[in-house]
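# Chains, contacts and geometry: an overview
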Amino acid sequence: MEKTFNAGEIEAIARALGHTEDGLTGSEIGHLLAQCRIQDVEPAATKWIRLNDAFVTRQNTSQNRRAILEFIRQAMQPARHIKSPERFEVLRTHLNRALAFSGLAVEDTGALVSSEAVSTLPEADRRANELRSSLQSRGVHPDVLIFCRAELVADNYFHAVLEATKSVAEKITMKTGLSDDGAELVDRALTGSPPMLAINSLKSKNEQSEQKGFANLVKGIFGMFRNPTDHAPRITWQMDREDAEDLLSMISLVHRRLDTAQMPPRA
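This section reports on the structure supplied with the text.

What counts and how
Residues numbered from 1 in each chain as written. Predicted model: local features only at pLDDT ≥ 70, side-chain atom pairs only at ≥ 80, totals over all residues. Heavy atoms only, no water. Helix = DSSP H or I, 4+ residues; strand = E, 2+ residues; numbered from the N terminus. Buried < 20%, exposed > 50% of the residue type's maximum accessible area, 1.4 Å probe, protein only. Contact = heavy atoms within 4.5 Å. Areas by Shrake-Rupley, 256 points an atom, 1.4 Å probe, with all protein chains shown as cover. Lys, Arg positive; Asp, Glu negative; His and termini not counted. Charge placed at Lys NZ, Arg CZ, Asp CG, Glu CD. Core = buried A, V, L, I, M, F, W, Y, C linked by side-chain atoms within 4.5 Å. Axes fitted to C-alpha atoms, helices over the stretch in contact; angles between N-to-C directions. Parallel < 35°, antiparallel > 145°, perpendicular 65-115°, else oblique. Left-handed = near helix turned anticlockwise from the far one by under 90°. Nonpolar A, V, L, I, M, F, W, Y, C, P; charged D, E, K, R; others polar.

Once that is clear, we can look at the overall build of the protein chain. Helix and strand counts for the protein chain come out as eleven helices and two strands. Secondary structure elements in the protein chain, listed N-terminal to C-terminal, are α-α-α-α-α-β-β-α-α-α-α-α-α. When the backbone C-alpha atoms are referred to their principal axes, the protein chain occupies close to 70 × 40 × 30 Å. Per-residue burial over the protein chain gives 47% buried out of 267 residues. Across the protein chain, the fraction of contacts at a sequence separation of at least 24, relative to all contacts at a separation of at least 6, is 62%. Accessible area for the protein chain stands at about 13,300 Å²; split by element, carbon and sulfur atoms hold 51% of it. With 33 positive and 36 negative side-chain charges, the protein chain shows a separation of 3 Å between the mean positions of the two kinds.

Okay, here's the thing in structure tokens:
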């Protein structure tokens, strides 16, 4: 029998290709499905669900994964990404994280190749559960714990930390209504006299110094893990669980201070 993807693997691939921010557009999905002769069974659905349903239907019919692999090959042709080359690497990162379960990878040339399966689903679940258990024992903020998921720690822990970092920006945006990102978001939200968000009363020099240090801490976290232009990590390194625990604990501290931050009155 030919190889097939299991349901979890198909969903992971569909979520990567149909990522809200970094994935294929709706029109690209429609074009590629037609090109690969995959029936577009739910054209009005959310992008990843649309892909998931199309992939599942085609694989159930053909009893092989060849059409899905061809879709990935076509989607990851570098020539398709000339107008937005930065998206190619982000999409490749998401996709390789999903394909890691299947012993496949997309090279920087766009070629789909076999690779050593870096993690089985049970192993990924074990990693995620161990990380979650350790962080729970530290009393880590619940907004951080949600990133201890199998698909984020399948290859290493970097992606869990990256996604948790993004959640800090989302919380600042939610509390301020700002649309900036990265260092610009921190500067507008957490600096100034007064800042839009204050983590204390700002009445003493010590409190003002604490506010400034907090802003620098958040800016430093963004600088390590986020590219404010295209939402891509500037670097990816092998990260062990101990490093991830320490970094996620730091992000937990940031979340707790943001939870209690207030907008000081402005003259």
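Now that the structure has been shown, the text picks up again.
This part takes up the nonpolar core. Counting 40 residues, the largest nonpolar core has Leu190 and Val218 as its most contacted members. Of all the secondary-structure elements, those providing two or more residues to this core are α6 (121-137), α7 (142-145), α8 (158-176), α9 (182-190), α10 (205-225) and α11 (241-259). For this core, the leading source of residues is α8, giving eight residues. Those residues in contact with leucine 190, other than ones at most four positions away along the chain, are Ile172, Pro195, Leu197, Gln211, Phe214, Ala215 and Val218. Ranked by size, the runner-up nonpolar core spans 31 residues in total, among them Ile29, Cys36, Leu69 and Ile72.

With that settled, the discussion passes to the side chain of glutamate 163. Its place among the elements puts glutamate 163 in helix α8. On the basis of relative accessibility, which here comes to 15%, the residue glutamate 163 falls in the buried class. Residues contacting glutamate 163, with those up to four places away along its chain left out, are His94, Phe147 and Leu152.

The subject of this paragraph is the packing of helix α1 (residues 7-17) against helix α4 (residues 66-75). Packing of α1 against α4 leaves a shortest axis separation of 12 Å and a crossing angle of 20°. One element, α1, and the other, α4, form an angle in the roughly parallel class. Read as a crossing pair, α1 and α4 show a hand that is left-handed. When α1 is examined against α4, the residues Ile10, Ile13 and Leu17 are found in contact with a partner set consisting of Ile68, Phe71, Ile72 and Ala75. Of the residues contributing to the contact of α1 with α4, the split by class is seven nonpolar, no polar and no charged.

Attention now moves to α4. By the criterion of burial, α4 is predominantly enclosed, with seven of the ten residues buried. Buried within α4 are the following residues: Ala67, Ile68, Leu69, Phe71, Ile72, Gln74 and Ala75. The secondary structure elements touched by the buried residues of α4 are α1, α2 (26-35), α3 (47-62), α5 (85-99), β1 (104-106) and β2 (112-114).

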